[in-house]
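So the chains spell out like this:
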Amino acid sequence: MSTAHTETAARSRPQKTFSALFSRARLASLVVWIAFACYVVPLAIVEPQFISFYNIISILMLISVYALIGFGEGVVVLSGGIDLSVGSVVGLAGVVAALIMQGNTGIGWALIAIVGGVFAGIVIGMLNGIAVALLNIPAFVATLGTLSIALGFGYVLSNGQQISINNMAFLDISVYSWFGIPIPIYIMFAVFLLLWLTLSRTRLGRYVYAVGGNIQAAFVAGLPIRRVLISAFVISGALSGLAGVLLASQITAGIATTGTGYELIAIAAPVIGGISLAGGRGSIAGALFGVILLGTIDNGLTILNVSPFYQHIISGFIIILAVYLDTVANRRKLV
Amino acid sequence: MAKNVEYKSSDAAVAVVEYRDISKRFGTSVVLDEINLSLYPGRVMALMGENGAGKSTMLSILAGLLAPSQGAIVVDGEEITEYSPSAGQASGIEIVTQELSLVPHLTVANNIFLGRELTQGARTGGFLKSSRMTQEAQAAIDEFDIPIAADDRIEQISLSYAQIVEIIRAWHRRPRVLLLDEPTSSLTRNETRHLFEIVRRLRDAGTSVVFTTHKMDEVEQMADDIAVLRDGKITLTAPIERLSSNEIISAMVGRELAEQQLDLPPIKETDPVLSVSNYATRQTSEGHEGVFDFSVRPGEIVGLAGIAGSGRTAFFKSVYGLHTARTGDVKLARQPYTKRSPSNSLKRGLIYIPENRKEAGLVLSLDIAQNTILSNLARFTGPGGWIRRGQEENVSREALESLHTKYFGARTPVAALSGGNQQKAMVARCLIADDPQVLLLDEPTRGIDVGAKADIYAIIVDLARHGIAIVVSSSELPELMTLSHRIAVFRDGAICQSLERDAFDEKEIVRAAIGA
Ligand SMILES: Nc1ncnc2c1ncn2[C@@H]1O[C@H](COP(=O)(O)OP(=O)(O)OP(=O)(O)O)[C@@H](O)[C@H]1O
Ligand SMILES: [Mg+2]
């Protein structure tokens, strides 16, 4: 039996040697990495502080918030959808957390605030999921709606003011560190690990890929499509909520508009990392790579004293370039 | 009117499932009209009917992909209440749909186990036993003796292997009722034989199998019982022994079909209109380039034979300009044709009809008329870029009607057409092309019913008579042998043999195609 097996496998892939190793897909992500190295290495030589421990930590700190929303967005995109509401959820979650802690000190209230912020995200995610999965509203439209709704709630709850946070336990989240590494960075990697395992090793993860890859096939196979879609949006909402809480702790206030515009980064990161906007293809590691790339470039440009205005332009070109490489890699081959 | 014999396969047998007064409407069009039919364990039923008769709809309802508008499905004597794929599977009903239902980015093993993953621990959160599933899937694949691996992704394998993977998936779940909607339409003979072996084994183990096909010989080989659908009504059910193929056909089309004699026109004694030389589309597995020459003259019909994956589609696509060829020159009307692209090809009268209508042929969201004239929009565009919609409708209706296409109005979306009728819409597109010179037809009759096949043959011959050069590939050898002046056999990406009409020999062609 086992010999028959290897024989069949061998027949199907005559040259699984050199050419397979350097298949176009690998090559393209290789190109992105090389381009990345071409940027990092000279920069590190010119500005040694760029690769100092302190700077690397600050890059990771910067991206921990982006990473969380990028991960959530990655899950939604893999399932074939898109979530535009993430930025507003970041703001809303911060406001909710700040309100909970108003006048309430102590670690207990800090925990309640965290749960409250994440819960706000889950509610919006649930709304998105219901609109898309049960009411069949296209994800782009549904989440454009909740983008506005979440922002509006943020304004209403905060009365358009910034709500400052005095709960020391809460503020400690972004100050306290273990072995020199701040807590948000641990959180980012923990969430990454959890999602990576879920997507690659569990049934739910497999269903996310299947629904995103071919929803008709998922239907015929009898998959719980609605539950899968709702789960994806709830994950995205919850992670945006968590990101909002962390951000509030960094800026010591809840502000409805803190996350405005983050959806751009949230969508760009997974896409740069090779997650297909058409759904069903890519890995959450790609989303992590995407935020690292974007964060490093921003940071490097800052160190080089490039005006933030130019940084936007440069990031935009990088997004387009990375996605172009991805399409080159996945061009259909001859039958 | 055909006879309608009420019978039981054996007196002791109890039906596994029954259609009880099932009707299905889409909007105002009635697609199924009070269907009553029983399926028995250990029997194979062939469901026959013209394109659009309602076969796929019937199977979809049984599998829970569609809910009936009226009536009910009865499983083990009880009416079922919920129509969903998972409910169907829970009753032991598995379907292989006419259009592929696989997830392209996932592996073969993942697709085989989709919805039935082996996990450890909790049902939904549980971790997948990936290597176990890959092993089991590989074992299942090996039963069919096809050269794919369980961890190949679907997008990497050919259409016919993907079709087999779907069959393996359904079979692997040990269904009580197995529904196969045109399972052989993209299979080679050898693969079809394997499929039939498996179906026989399932039948002997007590599974009830229903399959649809447009090929009479398959029915004779495989079926115990026949049911014929016409315009949403069952016109005939009987055990195969009691029927002749003429009876079946007349129950399908409602008339006797005249025996078809194709009268091939003479080939114009001129230079070839299309010729390729030193051509290769890919590196062969041994690593050497299999280069070949090929040409076709005006009025000539050349058939391309070969097993699945032998390189006919790649040849078409590279000549038409969808892909680049590895090496070689193409000449069109004696001019070198180097900058090959679909739009340049169309400008020069080189038309290609792809084999996979969903992927490469039709824009599903556009309506029928829009699809039919898609490549010739310029002709229907007035000053200022306005499309003449009336003309668009008339011309496409004419083309569709010459193929007896069944549809509800030129403005319905193509997605609502039955599989075979979508194929006709594609063929119709090339009928209205501007001044065509060369037609490349890749499996033009896949999924098309007997009557319409005859129509398509007649149209191909007629086009040849008007001096158009035609290259047609087909997995049905008899079809190529009736239709072609010459047959070129592909193997491993290159033409390995070429036979003139008076030297056609089925055995020799098969031998050349498999390299025996
Ligand atoms: N979603 C839909 N909306 C409207 N009409 C539909 C839809 N699905 C199918 N139909 C119509 O129902 C009829 C029967 O379709 P069905 O696919 O069952 O035919 P079929 O017998 O399987 O044909 P074929 O041999 O071409 O596969 C067709 O006329 C088709 O146009
Ligand atoms: Mg059908």
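Up top you'll find the structure we're talking about.
Let me begin by describing the structure that accompanies this report.

What counts, and where the lines are drawn
Residues numbered from 1 in each chain as written. Chains lettered and ligands numbered in written order. Predicted model: local features only at pLDDT ≥ 70, side-chain atom pairs only at ≥ 80, totals over all residues. Heavy atoms only, no water. Patch = residues over 30% accessible without salt bridge, like charges linked within 9 Å, V, L, I, M, F, W, Y side chains within 5 Å. Areas by Shrake-Rupley, 256 points an atom, 1.4 Å probe, with all protein chains shown as cover. Salt bridge = Lys/Arg side-chain N within 4 Å of Asp/Glu carboxyl O. Helix = DSSP H or I, 4+ residues; strand = E, 2+ residues; numbered from the N terminus. Near = heavy atom within 4 Å. Polar contact = N/O pair within 3.5 Å; in protein donor to acceptor, adjacent residues only side chain to side chain. Nonpolar A, V, L, I, M, F, W, Y, C, P; charged D, E, K, R; others polar. Domains from an automatic or database assignment. Buried < 20%, exposed > 50% of the residue type's maximum accessible area, 1.4 Å probe, protein only. Lys, Arg positive; Asp, Glu negative; His and termini not counted. Contact = heavy atoms within 4.5 Å. Donors = N, O, S within 2.8 Å, 3.2 Å for Na, K, Ca; no water. Expected span 1.5 Å × (residues − 1). Core = buried A, V, L, I, M, F, W, Y, C linked by side-chain atoms within 4.5 Å.

Time to look at a nonpolar patch on the surface. Residues Met-126, Ile-130, Leu-134, Leu-135, Ile-137, Phe-140, Val-141 and Leu-144 of chain A make up a contiguous nonpolar surface patch of about 690 Å² in total accessible area. Summarising the element assignment, Leu-144 of chain A is placed in helix H7 (residues 139-158).

Let's shift gears to the site of ligand 1. All names here are of chain B. As a structural note, the neighbourhood of ligand 1 is formed by 20 residues, with Lys-55, Ser-56, Thr-57, Ser-418 and Gly-420 the closest of them. Ala-53 is positioned such that a nitrogen or oxygen atom in its backbone is 3.2 Å from an oxygen atom of ligand 1. A distance of 2.7 Å is found between an oxygen atom of ligand 1 and a side-chain nitrogen or oxygen belonging to Lys-55. When ligand 1 is considered free in solution it has 640 Å² of accessible area, and contact with the protein chains removes 85% of it. Sorting the residues of the shell around ligand 1 by element identifies helix H1 (55-63) and helix H14 (419-431) as the ones contributing at least two each. When grouped by side-chain class, the residues that make up the shell around ligand 1 number 6 nonpolar, 11 polar and 3 charged. Residue-level mapping places the shell around ligand 1 at the junction of two domains, with at least three residues from each of domain 1 (17-92 + 175-252) and domain 3 (362-434).

What follows concerns the side chain of Glu-182 of chain B. Residues and elements named next belong to chain B. Mapping Glu-182 onto the fold places it in the loop between strand S9 (177-181) and helix H6 (189-204). Although Glu-182 lies buried, it forms no salt bridge, and the closest oppositely charged side chain, Lys-55, sits 4.9 Å away as judged by the N-O distance. Here Gln-98 takes part through its side chain, which lies 3.3 Å from a polar atom of the side chain of Glu-182. Leave out the neighbours within four places in its chain, and Glu-182 touches Gln-98, Gln-163, Thr-212, His-214 and Gly-447.

Here the focus is unusual backbone geometry. All names here are of chain B. In this structure, Ala-333 takes a positive phi of about 50 degrees despite not being glycine. Here Ala-333 lies in the loop between strand S16 (327-332) and strand S17 (335-336). At Asp-492, a residue that is not glycine, the phi angle is positive and equals roughly 50 degrees. Within the secondary structure, Asp-492 sits in the loop between strand S21 (486-491) and strand S22 (494-500).

For the rest of this paragraph, the subject is the coordination of the magnesium ion (ligand 2). Residues and elements named next belong to chain B. The protein atoms donating to the magnesium ion (ligand 2) are Ser-56 (OG) and Gln-98 (OE1), with metal-donor distances spanning 1.9 to 2.1 Å. Of this pair, Ser-56 sits in helix H1 while Gln-98 sits in the loop between strand S6 (93-96) and helix H3 (108-112), and the two are 42 residues apart along the sequence. We classify Ser-56 as partly exposed; its relative accessible area is 24%. Here Gln-98 falls in the buried class, since its relative accessible area comes to 15%.

Residue and element names in this part refer to chain B. With 13 residues, H14 extends 19 Å from end C-alpha to end C-alpha; this agrees with the ideal 18 Å at 1.5 Å per step. For H14, a buried count of 12 out of 13 residues is recorded, marking the element as mostly surrounded by other parts of the structure. For H14, the full list of buried residues reads Gly-419, Gly-420, Asn-421, Gln-422, Gln-423, Lys-424, Ala-425, Met-426, Val-427, Ala-428, Arg-429 and Cys-430.

Position of Leu-106 of chain B relative to the elements: it lies in the loop between S6 and H3. Each C-alpha atom of the pair Leu-106 of chain B and Gly-493 of chain B lies 27 Å from the other, and the pair is 387 residues apart in sequence. Other than its neighbours up to four places away in sequence, Leu-106 of chain B contacts Arg-206, Tyr-209 and Ala-210 of chain A together with Asn-111, Leu-114, Asp-152, Arg-153 and Ile-154 of chain B.

Here we come to the nonpolar core. Ranked by size, the top nonpolar core spans 99 residues in total, and within it Phe-71, Phe-170 and Ile-284 of chain A carry the most contacts. Excluding residues that lie within four positions of it along the chain, Phe-71 of chain A makes contacts with Met-188, Val-191, Phe-192, Leu-195, Leu-239, Ile-284, Ala-287 and Leu-288 of chain A. Core analysis: the second largest hydrophobic core is formed by 54 residues, Val-44, Leu-102, Ile-167 and Ile-248 of chain B among them.

Here we come to the pattern of salt bridges. All names here are of chain B. A complete count under the given rule lists 23 salt bridges over all chains for this structure. Glu-94 serves as the salt-bridge partner of Arg-116, at 3.4 Å between the closest nitrogen and oxygen. Residue Arg-116 is located in the loop between H3 and strand S7 (119-120), and its partner Glu-94 is located in strand S6; the two are separated by 22 residues in the primary sequence. Owing to a relative accessible area of 31%, Arg-116 belongs among the partly exposed residues under this scheme. Looking at Glu-94, the relative accessible area reads 6%, which means it is buried. When salt bridges that share partners are traced, they join Glu-18, Arg-20 and Glu-79 into one network.

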